[in-house]
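Here is what each chain is made of, one letter per residue.
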Amino acid sequence: MTILAPSILAADFSRLGEETRAVAQAGADWIHLDVMDGHFVPNISFGPAVVKALRPWTDKVFDVHLMIAPADPYLAAFAEAGADAITVHVEAGPHIHRSLQTIRGLGRRAGVALNPGTPASAIEPLLDMVDLVLVMTVNPGFGGQSFIHSALETVSRVKALVGGRNIDISVDGGITPETAGPAAQAGANILVAGSAAFKGGPAAYQKNIAAIREAAGAATGRDGVRC
């Protein structure tokens with residue numbers, strides 16, 4: 001079944017706690033937290049202190065996506081702040097295997113992310129170390145970008161590499177009701193949506209999430225929620 005993970009990068013930062021609770025109550029399955037450092041990506045977002053501050057606002061899975069380099073010095077801090085899943089980029093450092101070992105050692109779900117220009121084969125040696133593979137469908141660093149359709153081929157290749165393993169496949173970037181179907185068809189079971197989830201303010205969140213979920217379900221025959 002398809003998991004909807006709204007990215008709070010698109011939320012109103014002046015009321016982030018309320019926004020997190022509102023999108024959770026509107027039907028989000030997970031909450032996606034994009035952490036950016038202004039080095040690995042050309043933007044800065046927030047760190048462990050914000051994750052910790054948001055943790056009391058919902059019991060939904062906190063899906064922390066680290067777009068930072070190096071990541072290793074901060075893994076424990078994000079785990080202690082309340083992250084349930086921590087995803088690091090295969091491009092962010094030379095010792096990705098050690099990073100994934102560390103995340104699992106902290107008792108968290110370990111994820112690995114791929115930029116649009118990185119081949120799926122880059123994660124092949126890591127598949128027995130991960131619980132989640134995230135495929136970027138925009139270039140990381142900013143919200144509101146257009147979906148890169150060629151990244152769907154990467155999703156399909158990741159799906160083939162995963163095979164029968166119990167690994168989630170996530171897509172992040174440009175997810176809307178129009179792109180949710182192709183992403184789900186390609187093999188993604190987690191859809192990270194930013195602008196499309198948060199547009200229109202809290203009164204629209206339930207409708208926004210439902211539209212994305214319905215599009216994914218119509219394309220694949222899957223529906224419902226898996227948390």
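Residues numbered from 1 in each chain as written. Predicted model: local features only at pLDDT ≥ 70, side-chain atom pairs only at ≥ 80, totals over all residues. Heavy atoms only, no water.

This is how the line gets drawn: UniProt positions are given in the numbering used here, feature names are shortened, and annotations may be inferred rather than shown by experiment.
The protein is annotated in an unreviewed UniProt entry as Ribulose-phosphate 3-epimerase of Methylorubrum zatmanii. Under the heading Function (unreviewed entry), UniProt records this for the protein: "Catalyzes the reversible epimerization of D-ribulose 5-phosphate to D-xylulose 5-phosphate."

1. Quick look at the UniProt feature "binding site: substrate" (unreviewed entry) in the protein
In plain terms, the rule: Only DSSP runs of H or I reaching four residues or more are called helices, and only runs of E reaching two or more are called strands; each is numbered from the N terminus. Between two residues, a contact is recorded if the distance between any of their heavy atoms is within 4.5 Å.
Mapped onto this numbering, the UniProt entry gives "binding site: substrate" (unreviewed entry) at Ser7, His65, Gly141, Phe142, Gly143, Gly144, Asp172, Gly173, Gly174, Gly194 and Ser195. Of note, glycine 194 is situated in the loop between strand S8 (190–193) and helix H7 (195–198). Those residues in contact with glycine 194 that sit more than four places away from it in its chain are Ser7 and Ala10.

2. Observations regarding the pattern of salt bridges
How we decide: The term salt bridge refers to a side-chain nitrogen of Lys or Arg lying within 4 Å of a carboxyl oxygen of Asp or Glu.
Here the structure, examined in full by the defined rule, presents 6 salt bridges. The salt bridge involving aspartate 128 is made with arginine 165; its shortest N-O contact spans 3.0 Å. Taken as a pair, aspartate 128 in the loop between strand S5 (109–114) and strand S6 (132–136) and arginine 165 in the loop between helix H5 (151–162) and strand S7 (168–172) lie far apart in primary sequence, 37 residues in all.

3. Focus on the pairing of S8
Note the threshold: Whether a residue is buried, partly exposed or exposed follows from its accessible area with a 1.4 Å probe, protein chains only, as a fraction of its type maximum: under 20%, in between, or over 50%, in that order. A pair of strands is considered paired only if DSSP assigns at least 2 bridges between the two. Here the term right-handed applies to a crossover when the path leading from its first strand over the helix to its second strand runs clockwise, the strands being oriented away from the viewer.
Burial along S8 is two-sided: the face carrying Ile190 and Val192 and the face carrying Leu191 and Ala193 are both buried. Strand direction decides the pairing type here: strand S1 (residues 3–6) and S8, joined by 4 bridges, are parallel. Across the sheet, leucine 4 pairs through a bridge with leucine 191, a residue of S8. Relative to S8, S7 runs parallel, the two sharing 3 bridges. Of the residues in S8, the one forming a bridge with valine 171 is leucine 191. In this fold, S7 hands off to helix H6 (residues 177–186), which returns the chain to S8; that crossover is right-handed.

4. Quick look at the sheet that holds S8
To keep things clear, this is the line we draw: To get an axis, a line is fitted to the C-alpha atoms, and for a helix only the part in contact is used. The angle between two axes follows their N-to-C directions and goes from 0 to 180 degrees.
The strand order S1-S8-S7-S6-S5-S4-S3-S2 describes an open sheet built from 8 strands, whose pairing is parallel. Every other strand in the sheet has two partners, leaving S1 and strand S2 (30–36) as the edge strands with one partner each. Across the sheet, the mean angle from the axis of one strand to that of its neighbour is 25°, orientation sign disregarded.

5. A word on the pairing of S6
Successive side chains on a regular strand alternate, one facing one side of the sheet and the next facing the other. Burial analysis of S6 places 5 of its 5 residues in the buried class, the great majority of the element. Side-chain alternation along S6 places Leu132, Leu134 and Met136 on one buried face and Val133 and Val135 on a second face that is also buried. Where S5 meets S6, 4 bridges bridge the pair, whose relative direction is parallel. Its bridge partner being in S6, valine 112 is matched across the sheet by valine 133. Both S6 and S7 contribute to a ladder of 5 bridges, which runs parallel. Looking across to S7, one finds that leucine 132 is bridged to aspartate 168.

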